[in-house]
Amino acid sequence: HQVPRSQRLPKPRTFPFLSRWPRRICPPRAPPMSSRRELGFNCTDSRSYAAWDENTTFAKHLYALAAGQIASLKSLDDASKPAVLLDLGTCDGRSTAPCFRECARHIRERDAGAHPPRPQRPVVAIFEDHRHNEWSPLLTRDLKHELGEGVFPLVSNTSFYEEVTAPGSVDLAFSNCAMHFLASSEPPGTFQKALRHVTADASLAEDAAAIAAFRATAAADWQRLLLCRAAELKPGGRLVVSSFAVDERTGFHWGHGGTGASIYHVLAECVQGLVRDGLLTSAEQRRATSPAYYRSLAEFTAPLDDPNSAVSRAGLVLASAEVRHFACPLRAELVAQRAAAAPVDAAAYAQTFVEMLRCVTSWEVVRAFGSGSGDEARPADERQRLVDRVYADFAARVEARPDDFSFDFVLCHMVIEKS
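Residues numbered from 1 in each chain as written. Predicted model: local features only at pLDDT ≥ 70, side-chain atom pairs only at ≥ 80, totals over all residues. Heavy atoms only, no water.

Asker: Help me understand the overall build of the protein chain, please; the structure alone is not making it clear to me.
Answerer: Looking only at helices and strands, one finds 13 helices and 10 strands in the protein chain. Of all 419 residues assigned to the protein chain, the portion counted as buried reaches 53%. If you take every contact in the protein chain between residues at least 6 apart in sequence, the share linking residues at least 24 apart comes to 80%. Total accessible area on the protein chain is roughly 17,900 Å²; 54% of this is exposed by carbon and sulfur atoms. (Helix = DSSP H or I, 4+ residues; strand = E, 2+ residues; numbered from the N terminus. Buried < 20%, exposed > 50% of the residue type's maximum accessible area, 1.4 Å probe, protein only. Contact = heavy atoms within 4.5 Å. Areas by Shrake-Rupley, 256 points an atom, 1.4 Å probe, with all protein chains shown as cover.)

Following this line, the structure appears as C-alpha cells:
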C-alpha cells in the first residue's frame, strides 16, 4: 500500500525547511546534532511548533517526575478499573509516548508486586491538544503498537481550559511546556515594542496597563484550568505540571538565563527593524503580541495556598512546587570549544540557533500579518519575505556575538493531588 506523500511521517530530528532558507544563513556544514536532540526541537514544517522529543533534557525530568507518582498513587488502589493517563498539550505526541510507556511499565510493576498479585489492568492513554494543533504527525503513527500491549491510545481536541474527560476518571495527568498559553488566542493587551510581557516596558503607561491585563487574565485562566483538572481527577489522582516560568529571584525566564542577550528582546528589535524601514506598520507590529504568560512560582501556587479558594474547595492540594533552571546544551558545547581553544564556527552556531528559534517563535512573528484586516492584507510571498528577514537579522546578530545567545529553560515543576 503506497502512503500518500501528504500523510508520510517526517524523518525524526531533521529540519526539512532548511532548503527554503536564505543561503547566507544556511551554511553547508551544520554543527553536531547532539545539542539539537538535547534541546528536543523537531519540526515538521517551518511554521509549526517545536516538538519536545524523548531526548529533551528537561522533558526527561518531567517523565521521571510523572512516572514516579505511580507507586504512591492512591487512585490506582482499585485494580478493577482501567488506569487513565492524560497528557495536556501533547503537540505531536513525540514527547508524550515515552512518558506513557514509562507510566504503563510502573503500573504493571505495581500490580505485579501487590499481595496477592493483580491481573494486568488496561491503561488508557489520552493525547490532548486544541483543535488547531497540527495533528497529522500524531494521527499517522501506529500509536497502539508504539505504546505497547494493553495500552489504549485516545486523542482529544478539547482545550485543557475545558474538561477533557468524564468527571472522576483520570488517575494521572501531566503537561510539558504548554500551560503558558492563555485560554484565548487573542492577547488581553498589546505592547508597543515587545512580543511578550516579560520584555514589555513597564515604565510606559500603555505597556504597564497591558502587563496588568495579562496578569489578571493569566490568574483567571489558571484557576479555570485547575478547576477542570479537579473535576477530571479521581480522588487520589494527581496532576504533574512542567511550565515555562519566571524565576522571581533572578528575573530569568526562557531565552534569558543570564548569559547576555534576552531572546525576546532581540527578536522584538528585529521586528522593529521592519517598522523603521517602513515595511511593517505599528499596528501590525502590535498584533505580534503573544497570547502567552510566564507565571512566577507565587502565581502558580496562589490558588492552592488559599484554603478558601475555589480550587482548594474543589479538592486540589499542592504536593510540591519548585522553579528549575536548565542551562542550554548548545551553548555548553560552545563554551567547551572555547575552553579547549578550538575554533568556533559562529555561522554554524547561528544557523542552528535560529533553526530552533524559528520553530518556537515564528507563529508569533506571523501573527503580525495574520489578523486584523485578514490574511489577504499582504500577499503570502511578501509575508514570507518579511518573516525571513526577521530571522536573517537575528542570525546575523548571533553570528556576530555567539557567546551572548543561549536557550536556557526556566520551568516550574508542580505536583498537585485530588484529595
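Asker: Can you walk me through the side chain of K418 in this structure?
Answerer: Mapped onto the secondary structure, K418 falls in strand β10 (residues 409-418). No salt bridge is formed by the buried K418; its nearest oppositely charged neighbour, E232, is found at 9.8 Å. Of the polar contacts made by the side chain of K418, one reaches the backbone oxygen of A230; its length is 2.7 Å. A polar atom in the side chain of K418 sits 3.4 Å from the backbone oxygen of L233. (Lys, Arg positive; Asp, Glu negative; His and termini not counted. Salt bridge = Lys/Arg side-chain N within 4 Å of Asp/Glu carboxyl O. Polar contact = N/O pair within 3.5 Å; in protein donor to acceptor, adjacent residues only side chain to side chain.)

Asker: Could you clarify how one ought to interpret the packing of helix α7 (residues 263-276) against helix α12 (residues 346-367) in this entry?
Answerer: Two numbers describe a pair of packed helices, the interaxial angle and the distance between the axes. Two elements in contact, α7 and α12, have axes separated by 12 Å at closest approach and are oriented at 65°. Relative to α12, α7 is oriented roughly perpendicular. Along this stretch, α7 crosses α12, giving a crossing that reads as right-handed. Contacts between α7 and α12 involve I263, Y264, L267 and V271 from the first element and F353, L357, T361, E364 and V365 from the second. Here the residues of the contact of α7 with α12 are counted per class, giving 7 nonpolar, 1 polar and 1 charged. (Axes fitted to C-alpha atoms, helices over the stretch in contact; angles between N-to-C directions. Parallel < 35°, antiparallel > 145°, perpendicular 65-115°, else oblique. Left-handed = near helix turned anticlockwise from the far one by under 90°. Nonpolar A, V, L, I, M, F, W, Y, C, P; charged D, E, K, R; others polar.)

Asker: Mind showing me how you'd approach the nonpolar core here?
Answerer: As a rule of thumb, nonpolar side chains are buried together in soluble globular proteins. In this structure, W254, L267, F353, V390, Y391, F394 and F407 are the most contacted members of the largest nonpolar core, which totals 44 residues. In this view, L267 contacts L195, T361, V365, V390, Y391 and F394; residues no more than four positions away in its chain are not counted. With 29 residues, the next largest nonpolar core counts L88, A230, L316 and I416 among its residues. (Core = buried A, V, L, I, M, F, W, Y, C linked by side-chain atoms within 4.5 Å.)

Asker: Got a minute to help me understand unusual backbone geometry in this structure?
Answerer: Only a minority of non-glycine residues have a phi that is not negative, and only a minority of peptide bonds are not trans. Of the consecutive residues H115 and P116, the connecting peptide bond is found in the cis state with omega at -5°. By the element assignment, P116 lies in the loop between α3 (96-112) and β4 (123-128). Although it is not a glycine, C177 sits at a positive phi angle of roughly 55°. Here C177 shows up in the loop between β6 (170-176) and α6 (205-232).

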